[in-house]
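Listed here are the chains, written in short residue letters.
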Amino acid sequence: MFPSTVYSDRRKKLRNELSGGLILFLGNQEVPFNYPANTYSFRQDSNFSYFFGLDHPDLAGIIDLDNGIDYIFGNDVDIDDIIWMGVQPTIRDQAAKAGVDHTAPLTGLNEAIKNAREQGRRVHFAPPYRGETILWLAALLHIPHLELKANASEPLIKAIIRLRMKKDAMEVAEIEKMVDVAWKMHTTAMKMARPGIVEREIAGTIEGIALANAGPVSFPVILSINGQTLHNHYHGNTLAGGRMLVIDAGCENELHYSSDITRTVPVGGKFNARQKGIYEVVLHANLTAIKAVKPGTPFKEIHMLAATEIARGLTALGIMKGDPAEAALKGAHTLFFPHGLGHPLGLDVHDLEGMGENLIGYDEEVQRSSEFGLAFLRFGRKLQEGFVMTIEPGIYFIPELIDIWKAENKLAEYINFDVVETYKDFGGIRIEDDILVTADGCRVLGKPIPKTVAEIEELMSDLKI
Ligand code: GLY
Ligand code: MN
């Protein structure tokens, strides 16, 4: 945990953003895997972590906006728990670490919420996303579970977004440590990427590196020679020469700050001419986008810049045609780059996404598009100093999408479908870095992970682990 003052300061800032009532944060519970006592690894709720820092199940926090007191509710363990789980800190000791003086057993939470409801006080809560929490919240608030989301507090959500989006130096340091662990994961994966190895051997090894050096992976490892499927979690293919391997993986530490990095490498370590051609286009888009990041620039503008550079590069390769800027404006690049340029990163790998993508990524100035491709852009509004974002352009040849566009002759003035046909067996390439928006630009976080053709070929020339 950070020092207790970090959590009390965060709660103080949250108080200043809201006017009255209670703010209720339910911590996460254990979730059964296949029977009640066999649970998934415990993962605390990110908001609870941010404001209270405690990493134990079955806790709740209340920030009373009217009397100025913060409370932690939870039950001390009994001897049965101690026999199986060992001695646990008391709720009072845990609360002290979060800078909270007032504690009570969980029955006290029922009482506190009942009193607040009877007095007609507003109970602010963020949208729940886990079944267990939904049931708990529904029972406490007497709100049908299907109506909870609609009753979540928009002022609270907006205040949480304002606070959590801007990372301070301590938070950036935690994220950066996780990028450094990702360096180990990715360089190991690159060295293992030789013909004959099965994807799961690499995926399992790098997940082990995450666990051995930090904590769990921050999302299920995406690792595939079929990188044209954007989130490919199938790891049963055998690597073969001529394929590219997409490795999209990161990890989180005990405070839950995360990393999210993607590298794409040729199986066997040497790019052929066709792979190099497409790779250089994605790399150029990645570098151009990173260079364009600065406070005040809408992320949507940087996304469109990357899209234009992808259209320009694909035009030079004869895959697209016409004016690249015009092609990007019309959305022709989305046949190859159908997703958004990136997303916020922090305590969640898609930071704050549970609060509602449009509330995080859009505002009155920059509205979300409903067009294919741009609609997948999770974040479009102006960047601010302290935001941590991913920059992850890609080019994919998705046979099923190509067939549909070709049959419709969609945007055919910008696409050489006969050339595209010859790339249907290519797969995909994505290159993703984690960046911090600084006062006048941005900084790529962590120890540099090989990214240029020369750097990757050099690292992979020593194909052993
Ligand atoms: N790394 C997975 C994603 O950003 O969606
Ligand atoms: Mn990402």
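Here the residue numbers are simple positions, counted from 1 along each chain's written sequence. By the order in which they are written, chains take letters starting at A while ligands take numbers starting at 1. Where local features are concerned, this predicted model is filtered to residues with pLDDT of at least 70; where side-chain atom pairs are given and counted, the filter is 80 or more; whole-chain, interface and lining totals use all residues. Only hydrogens and water are removed before side-chain values are computed, so all heavy atoms of the structure are retained for them.

1. Some details on the overall build of the protein chain
Reasoning step 1: The way it works is that DSSP assigns letters per residue, a run of H or I at least four long becomes a helix, a run of E at least two long becomes a strand, and they are numbered from the N terminus. Helix and strand content of the protein chain: 17 helices and 15 strands.
Reasoning step 2: In summary, the protein chain has a C-alpha radius of gyration of 24 Å against a globular reference of 23 Å for 465 residues, a match within 12%.
Reasoning step 3: Overall size of the protein chain, expressed as C-alpha extent along the three principal axes, is 70 × 50 × 40 Å.
Reasoning step 4: A buried classification covers 55% of the 465 residues belonging to the protein chain. Only C-alpha atoms enter the radius of gyration, while the globule expectation follows 2.2 Å times N to the 0.38, with N the number of residues. The cut-offs for exposure are 20% and 50% of the maximum accessible area for each residue type, with area from a 1.4 Å probe on protein chains only; residues under the lower value are buried, those over the upper are exposed, and the others partly exposed.

2. With respect to the packing of helix H11 (residues 273–292) against helix H12 (residues 299–316)
Reasoning step 1: Lines fitted to the C-alpha atoms define the axes, with helices restricted to the stretch that makes contact. Angles between their N-to-C directions range from 0 to 180 degrees. One can describe the packing of H11 onto H12 by two numbers: an axis separation of 9 Å at closest approach and a directional angle of 155°. Comparing their axes, H12 and H11 come out roughly antiparallel. You can see that H11 and H12 cross each other, and the crossing is right-handed. Here Ile278, Val281, His284, Ala285, Thr288, Ala289 and Ala292 of H11 lie close against H12, whose contacting residues are Ile302, Leu305, Ala306, Glu309, Ile310, Gly313 and Leu314.
Reasoning step 2: Here the contact of H11 with H12 is built from residues that sort into 10 nonpolar, 3 polar and 1 charged. When describing relative orientation, an angle under 35 degrees is termed roughly parallel and one over 145 degrees roughly antiparallel, while 65 to 115 degrees is termed roughly perpendicular and anything else oblique. Left-handed describes a crossing in which the near helix is turned anticlockwise from the far one by less than a right angle; the clockwise case is right-handed. In this description, contact between two residues means that some pair of their heavy atoms is separated by no more than 4.5 Å. In this classification, Asp, Glu, Lys and Arg are treated as charged, Ala, Val, Leu, Ile, Met, Phe, Trp, Tyr, Cys and Pro as nonpolar, and every other residue, Gly included, as polar.

3. As for the packing of aromatic side chains
Each aromatic ring pair is characterised by the separation of its centres together with the angle its planes make.
Reasoning step 1: For Phe, Tyr and Trp, rings pair up if their centres lie within 6.5 Å, where Trp contributes its six-membered ring, and each pair is then called stacked (planes under 30 degrees apart), edge-to-face (over 60) or tilted (otherwise). Per the stated rule, a full pass over the model turns up 17 aromatic pairs.
Reasoning step 2: Arranged with centres 6.1 Å apart and planes meeting at 70°, the rings of Phe25 and Phe52 form a pair that is edge-to-face. With Phe25 in strand E1 (residues 22–26) and Phe52 in helix H2 (residues 46–52), this pair connects stretches of sequence that are 27 residues apart.
Reasoning step 3: Among the aromatic residues, those joined into a cluster by ring pairs are Phe25, Phe48, Tyr50, Phe51 and Phe52.
Reasoning step 4: We call a charge positioned over a ring when the NZ of a Lys or the CZ of an Arg lies within 6 Å of the ring centre and within 35 degrees of the ring normal. For Arg274, the ring lying beneath its charged end belongs to Tyr423, and the centroid distance is 5.1 Å.
Reasoning step 5: It is Lys447 that lies over the ring of Trp183; its NZ or CZ is 3.6 Å from the centre.

4. Section: the pattern of salt bridges
As a working rule, side chains carrying opposite charge can pair if their charged atoms are close by.
Reasoning step 1: Salt bridges are identified by distance alone: a Lys or Arg side-chain nitrogen within 4 Å of an Asp or Glu carboxyl oxygen. In total, this model carries 29 salt bridges according to the counting rule given.
Reasoning step 2: With its nearest N and O atoms 3.6 Å apart, the salt bridge here joins Glu171 to Arg10. Here Arg10 lies in helix H1 (residues 4–17) and Glu171 lies in helix H9 (residues 169–192), a separation of 161 residues in the sequence. Take Glu171 and Arg10: they sit in the same class, and that class is buried.
Reasoning step 3: The partner of Glu392 in a salt bridge is Arg430, and the shortest N-O contact between them spans 3.9 Å. Here Glu392 is found in the loop between strand E11 (388–391) and strand E12 (394–396), whereas its partner Arg430 is found in strand E13 (residues 428–430), with 38 residues between them in sequence.
Reasoning step 4: Owing to a relative accessible area of 9%, Glu392 belongs among the buried residues under this scheme.
Reasoning step 5: In the salt-bridge network here, residues are joined through shared partners; they are Arg164, Lys167, Asp348 and Asp351.

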